[in-house]
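# A structural walkthrough
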Amino acid sequence: MAAQRLFRTLLSRSGTGPGPGPAGPRRASSSLPAPGTWSSRLSRLPHRDLYRLSVTDPDQFWGSAAADRLRWVEPFHRVRDCELRSGRISWFLGGKLNVSVNCLDVHVETHPDRVALIWERDEPGTEVKVTYRELLETTCRLANVLKSHGVQKGDRVAVYMPVSPLAVAAMLACARIGAVHTVVFAGFSSEALAGRIQDAQCKAVVTCNQGVRGGRLIDLKATVDAAVKSCPSVQHVFVSQRTENPTVMGQLDVPLEEVMSSQPPVCPPEPLDSEDLLFLLYTSGSTGKPKGIVHTQAGYLLYTSLTHQYVFDHRDGDVFGCVADVGWITGHSYVVYGPLCNGATTVLFESTPVYPDPGRYWETVQRLRISQFYGAPTALRLLLKYDDSWVKKYDRSSLRTLGSVGEPINHEAWHWFHSVVGDGRCPLVDTWWQTETGGVCIAPRPAEEGAPILPAMAMRPFFGIQPELLGEKGERLSGDDVSGALCIGQAWPGMARSIYGDHDRFVEAYFTAFPGYYCTGDGAHRSNHGFYQITGRIDDVINISGHRLGTAEIEDALDEHPAVPESAVIGFPHDIKGEVPFAFVVLKDGVSERGAVLQQLRELVSTKIAKYAVPEHFLVVRRLPKTRSGKIMRRILRKVATETTGDPGDVSTLDDPSVVKEIIDAHRRYTEQRAEKKK
Ligand code: WT7
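What you see is a predicted model, and the numbers here were worked out from it, not measured in a lab. (Residues numbered from 1 in each chain as written. Predicted model: local features only at pLDDT ≥ 70, side-chain atom pairs only at ≥ 80, totals over all residues. Heavy atoms only, no water.)

### What to know about the overall build of the protein
Assigned secondary structure in the protein consists of 21 helices and 31 strands. Its C-alpha atoms give the protein a radius of gyration of 25 Å, within 12% of the compact-globule value 26 Å for 679 residues. Taking the principal axes of the C-alpha coordinates as reference, the protein spans close to 80 × 65 × 55 Å. Looking at the 679 residues of the protein, the share that counts as buried comes to 59%. Intrachain contacts of the protein at a sequence separation of at least 6 include 71% that bridge at least 24 residues. Only carbon and sulfur atoms are counted for the fraction: they give 51% of the accessible area of the protein, which is about 26,900 Å². (Helix = DSSP H or I, 4+ residues; strand = E, 2+ residues; numbered from the N terminus. Rg over C-alpha atoms; globule rule 2.2 N^0.38 Å. Buried < 20%, exposed > 50% of the residue type's maximum accessible area, 1.4 Å probe, protein only. Contact = heavy atoms within 4.5 Å. Areas by Shrake-Rupley, 256 points an atom, 1.4 Å probe, with all protein chains shown as cover.)

### Topic: the side chain of Q372
Relative to the elements of secondary structure, Q372 occurs in strand β18 (residues 372–375). Engagement of the side chain of Q372 in a polar contact is seen with the backbone oxygen of D313, the distance being 3.3 Å. If we ignore the near neighbours within four places in the chain, the residues touching Q372 are F312, D313, H314, D318, V319, F320, G321, L399, R400 and T401. (Polar contact = N/O pair within 3.5 Å; in protein donor to acceptor, adjacent residues only side chain to side chain.)

### Details of unusual backbone geometry
Omega for the bond connecting Y355 with P356 falls within 30 degrees of zero, at 0 degrees, which places this linkage in the cis form. Geometrically, the link from R445 to P446 is a cis peptide bond, its omega value of 5 degrees lying close to zero. Examined against the element boundaries, P446 turns out to sit in the loop between β20 (428–431) and β21 (467–470). In the Ramachandran plot, S545 falls in the positive-phi region, its phi being about 50 degrees despite a non-glycine side chain. In this structure, S545 sits in the loop between β27 (541–544) and β28 (547–550).

### Description of the sheet that holds strand β23 (residues 482–488)
In spatial order, the strands read β22-β21-β23-β25-β26; together these 5 strands make up an open sheet with antiparallel pairing. The sheet terminates laterally at β22 (476–477) and β26 (532–537), the two strands that pair on one side only. Pairing between β21 and β23: 4 bridges, direction antiparallel. Within β23, the residue paired with E468 across the bridge is C487. (Pairing = 2+ DSSP bridges.)

### Quick word on the confidence of the model for the protein
Residues with a pLDDT of 70 or more make up 95% of the protein, whose mean pLDDT is 93. Under a pLDDT of 50 for its full length, residues 1–29 has, in the predicted model, 32 contacts with residues more than four places off or in other chains. (pLDDT = per-residue confidence, 0-100.)

### Focus: the site of the ligand
Looking at the ligand, there are 17 residues lining it, with D430, T431, T435, D522 and R548 nearest. At 3.1 Å, a backbone N or O of G406 approaches a nitrogen atom of the ligand. At a separation of 2.5 Å, an oxygen atom of the ligand approaches a polar side-chain atom of T435. Here the ligand loses 95% of its free accessible area of 550 Å² to cover by the protein chains. Those elements giving two or more residues to the shell around the ligand turn out to be α12 (329–341), β20 and β26. (Near = heavy atom within 4 Å.)

### Re the pattern of salt bridges
Evaluation of the coordinates by the stated rule reveals 44 salt bridges. Here R400 ties to D313 by a salt bridge, and the two come within 3.3 Å at their closest N and O atoms. Taken together, the residues R400 in the loop between α15 (389–392) and β19 (401–405) and D313 in the loop between α11 (298–311) and β16 (319–322) connect sequence positions 87 residues apart. Given a relative accessible area of 24%, R400 falls into the partly exposed group. (Salt bridge = Lys/Arg side-chain N within 4 Å of Asp/Glu carboxyl O.)

### Considerations on the nonpolar core
With 167 residues, the main nonpolar core has F92, L135, Y337 and L340 as its most contacted residues. With 11 residues, the top contributor of residues to this core is helix α7 (residues 165–177). Formed by 33 residues, the second largest nonpolar core is a distinct cluster that contains V347, L402, W416 and M457. (Core = buried A, V, L, I, M, F, W, Y, C linked by side-chain atoms within 4.5 Å.)

### Considering the packing of aromatic side chains
Going through the model one piece at a time under the given rule, you end up with 40 aromatic pairs. Here the aromatic rings of Y334 and W433 are separated by 5.2 Å at their centres, their planes lie at 85 degrees, and the arrangement is edge-to-face. Of this pair, Y334 sits in helix α12 while W433 is found in the loop between β20 and β21, placing the two residues 99 residues apart along the sequence. Taking the relative accessible area as the measure of exposure, Y334 reaches 0% and is therefore buried. Residue classification places W433 among the buried positions, given a relative accessible area of 10%. Counting every residue linked through ring pairs, the aromatic cluster contains W38, F61, W62, W72, F76, W91, F92, Y303, Y310, F462 and F463. The ring of W119 has R121 lying over it, and the distance from NZ or CZ to the ring centre is 5.3 Å. The ring of F188 carries R196 above its face, with NZ or CZ at 4.3 Å from the centroid. (Phe/Tyr/Trp six-rings, centres within 6.5 Å; stacked < 30°, edge-to-face > 60°. Lys NZ or Arg CZ within 6 Å of the ring centre and 35° of its normal.)

### Some remarks on the pairing of strand β14 (residues 277–283)
With 6 of its 7 residues buried, β14 lies for the most part within the structure. Here β14 runs beside strand β15 (residues 291–296); their pairing, made up of 6 bridges, is antiparallel. Residue pairing in the sheet places L281 in a bridge with I293 of β15.

### A short note on the sheet that holds strand β11 (residues 236–240)
The strands making up a sheet associate through hydrogen bonds between their backbones, and the pairing can be parallel or antiparallel. Read from one edge of the open sheet, 8 strands run β12-β11-β8-β6-β7-β14-β15-β24, paired in mixed fashion. On the outer flanks of this sheet lie β12 (253–255) and β24 (498–499), each paired with one strand and no other. Pairing of strand β8 (residues 204–208) with β11, which is carried by 5 bridges, proceeds in the parallel orientation. Bridge pairing in β11 links C208 to S240. Of the strands in this sheet, β6 (156–160), β7 (180–183), β8, β11 and β14 are in contact with α7, which crosses β7 at around 150 degrees. Against the sheet, helix α8 (residues 190–200) makes contact with β6, β7, β8 and β14, and its axis sits at roughly 140 degrees relative to β14, the strand it touches most. (Axes fitted to C-alpha atoms, helices over the stretch in contact; angles between N-to-C directions.)

### A few points about the packing of helix α20 (residues 634–642) against helix α21 (residues 658–678)
Between α20 and α21, the shortest axis-to-axis distance is 10 Å and the interhelical angle comes to 35 degrees. α21 is crossed by α20, and the crossing has right-handed handedness. Facing I636, L637, V640 and A641 of α20, the residues of α21 in contact are V660, I663, I664 and H667. Split by residue class, the contact of α20 with α21 holds 7 nonpolar, 1 polar and no charged. (Left-handed = near helix turned anticlockwise from the far one by under 90°. Nonpolar A, V, L, I, M, F, W, Y, C, P; charged D, E, K, R; others polar.)

### Some points on the side chain of D81
Topologically, D81 is positioned in strand β1 (residues 78–83). Its relative accessible area of 18% is what places D81 among the buried residues. With sequence-adjacent residues up to four places away left out, D81 is seen in contact with R88, I89, S90 and L93.

### Considering helix α3 (residues 47–56)
Quick reminder: α-helices carry 3.6 residues per turn. Residues three or four places apart thus point the same way. What α3 keeps buried is the set D49, L50, L53, S54 and V55. Where the residues of α3 are buried, they touch α2 (37–40), α4 (58–69) and α11.

### Some words on the state of the cysteines
This structure, assessed with the given rule, holds 0 disulfides. Summary of cysteine pairing: C487 is not part of a disulfide, and the nearest cysteine sulfur, belonging to C519, is at 4.5 Å. (Disulfide = S-S within 2.5 Å.)

Right, here's the structure in full:
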């Protein structure tokens, strides 16, 4: 390691000076950068120059980073072939590699006993450390189990587990043999799980008997049992024993630890094409059915590793603490792939921010000596309501960078995180990105040494990201102090490649509204200084505690009730969760048991989707506001629900404006009743 560093330093001294534009000698016959360009020269450029290079010469920037930072079985012959208009995105063409080798074997060669994972189990003080060597062996055993049960390259495997070393090993085992994992957040209901398994046609499911969270047991296996009944593609369910409680094993079930123990701890890695599928991750859009977002091998891995290092200032020896669940993209990119590709020690947080008390995060920081703490605004908003002594009593001197993700962070939470948790001495990065972007796209870091971070703002584009704001007519908004639809003008390696089984939907959802751009679905403001502030979704997607949900998905669930001919759901502000669903429901004539129906509706959403999706507010209305063509005008519902003045805004395009008065009256009665109840 030391020799390598010295070598790099020597090279950089003799290298050409930093500057924008194409750098280093080019090979005559192709646009591929010379080997070593990244390590010896580019990575030493000032950030400003590096950013400029990344957008003016992506081939040079990404080509050299990919060549030097990843281990290839076969080198790529072309850096990229991308056309945003048609949603055609390919990176590192012709290259072959294996992601699990890059996340495990390369580190085992140099430091086998370094801790790869610290599993912070629900019960404080019972953490389990897993070294790179152990993780490689576990991954290989699990890969051999999958292979010996007929799982082959290209097959899909669902992982329905809370965060744990075996969940990570299951993901990496798929990567090792070229299978495609789709992790489903273990809070989703059996029907939601079944829908994802069916869409992906999964051959196998990996799960555990129970989950443990906040001192409570969750029967995950029972949920899987119910789901696989309607999933004929599933041939095996591998069941790990998280708790000692006995599990009833059925025909499909295979005891995971048992079969792993009889498999060898080595498994030859499958060489995979850069653009072979690595994983699917289902996420919500503005229509009812969740989308299986497709990520591929090399580009995703490179992007997560680069962002992990630069956005969070990760250095050797750090303990990286991202408290997200592996069921979300944050867990994929910054619990698993980014950190492991960089040989980091990464924390797997199984518990909750308030178990056994509101000091849990900071007690964990002290005990594990966490260097980077990456969490969600919703948890911070919850914690800041408690006394600061819950934070102050623990030693947080190990912290160097704080990060926030998932939703806009409000000023109060930002300042509390920065000054109370970080004692005002750690850079706090508000990171904007999405399941589709693969990794962080806008964040205050990296930036030049000492560059300011403004509170509650994502600020600066990452390398290779060209943010653009577009107006309603699709016009590009230039200059500063403008707001518009946030789009990205150039492909980057981490971006999604497709929606599983439906490339047309991919093109329609992301590349059609503003041809030639990737359309994020968020709005943003560019400040006088050229910094970006995310203002929130501009489509029918809401964000509950940092979890994305389409209002149409909730409406579809509500509309299944025989008493509900139609419904409309909007996002309603909530001081901890950020937003909660507010449902306007129309009931059939003659329905008398309103209370009972509403309770059934709550249960319906909980079983069809998940508990967190259950609307907090229900308002029964006679009709919904619609345009002449029959489109529900959610904008008006949002105004009625949130404006204290009761002003619904422009109602001239409504088919029958009198409906608005009805709804305003119903809403007034509803708020009065709630106020009454509170007394
Ligand atoms: C949506 C993506 C990115 C991982 C977790 C969520 C919102 C995310 C921020 C932020 C403002 C944010 C956006 C985005 N969002 N981070 N720092 N500031 N909004 O991933 O479930 O794919 O949701 O979350 O609305 O589009 P996701």
